[in-house]
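Below are the chains, spelled out letter by letter.
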Amino acid sequence: MEISVELTFSPLQDDFEKHIIHFIKKLRSSGLTILENPLSTQVFGPYDEVMKVLGAEIKEAFELMDKGLLYMKLVKSDRSGYEPHF
């Protein structure tokens, strides 16, 4: 089963930028399809693989910061090739 996940990661502390960069670099090195924009990061791939990577990387990210917030949306399909129809 393929999924798409949209993540918005917000460390709630002054030195937030380094935490976001580290998190995104770890996702990039996972081998999954990753798309980024200024507001979020999208991850695409097989459910079990995506959730395994996210579980490990979210845990590490939270351990490396004092306070943080992560919004996550999941869609049951690979939406990486989405093109607007308008």
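Residues numbered from 1 in each chain as written. Predicted model: local features only at pLDDT ≥ 70, side-chain atom pairs only at ≥ 80, totals over all residues. Heavy atoms only, no water.

Enquirer: Honestly, the overall build of the protein chain in this entry has me stumped. Any pointers?
Expert: Across its full length, the protein chain carries two helices and four strands. In sequence order, the secondary structure elements of the protein chain are arranged as β-α-β-β-α-β. Over its C-alpha trace the protein chain gives a radius of gyration of 13 Å, about what one expects of a compact globule, namely 12 Å for 86 residues. Buried residues in the protein chain amount to 31% of all 86 residues. Partitioning the intrachain contacts of the protein chain with sequence separation of at least 6 by distance along the chain shows that 69% fall at a separation of at least 24. Of the roughly 5900 Å² of accessible surface on the protein chain, a fraction of 55% belongs to carbon and sulfur atoms. Side-chain charges of the protein chain comprise 10 positive and 14 negative groups, with the mean position of each set lying 2 Å from the other. (Helix = DSSP H or I, 4+ residues; strand = E, 2+ residues; numbered from the N terminus. Rg over C-alpha atoms; globule rule 2.2 N^0.38 Å. Buried < 20%, exposed > 50% of the residue type's maximum accessible area, 1.4 Å probe, protein only. Contact = heavy atoms within 4.5 Å. Areas by Shrake-Rupley, 256 points an atom, 1.4 Å probe, with all protein chains shown as cover. Lys, Arg positive; Asp, Glu negative; His and termini not counted. Charge placed at Lys NZ, Arg CZ, Asp CG, Glu CD.)

Enquirer: Please clarify how the pairing of strand β3 (residues 41–46) should be interpreted in this entry.
Expert: On any regular strand, side chains alternate: one points to one face of the sheet, the next to the other face. The buried fraction of β3 is high, at five of six residues. Summarising the sheet, strand β2 (residues 33–36) and β3 pair through four bridges and their orientation is antiparallel. In the sheet register, E36 faces β3, and the bridge partner there is T41. Linkage of β2 to β3, two consecutive antiparallel strands, is achieved through a turn of four residues. (Pairing = 2+ DSSP bridges.)

Enquirer: Would you mind going over the packing of aromatic side chains with me for this structure?
Expert: Aromatic ring pairs are defined here through the distance separating the ring centres and the angle between the ring planes. If you walk through the whole model with that rule in mind, you get one aromatic pair. Both rings, one in F9 and one in F23, keep their centres 4.8 Å apart while their planes meet at 45 degrees; by these two values the pair is tilted. Here the residue F9 occupies a position in strand β1 (residues 2–11), and F23 occupies one in helix α1 (residues 16–28), the gap between them amounting to 14 residues. Across the pair, F23 and F9 agree in class, each one buried. (Phe/Tyr/Trp six-rings, centres within 6.5 Å; stacked < 30°, edge-to-face > 60°.)

Enquirer: Honestly, the layout of surface pockets in this entry has me stumped. Any pointers?
Expert: To find the voids left in a structure, one rolls a probe of water-molecule size over its atoms. Put simply, the largest pocket is a space of about 200 Å³. Around the largest pocket, the lining is made up of 13 residues, and of these I20, I24, L39, S40 and T41 lie nearest the centre. Only β1 and α1 provide two or more residues apiece to the lining of the largest pocket. Here the lining of the largest pocket gets four residues from one element, more than from any other, and that element is β1. (1 Å grid on protein atoms, 1.4 Å probe; cavity = no way out; pocket = protein on both sides within 12 Å on 5 of 7 lines; lining within 4 Å. Points joined across faces, edges and corners; volume = space filled by probe spheres on them.)

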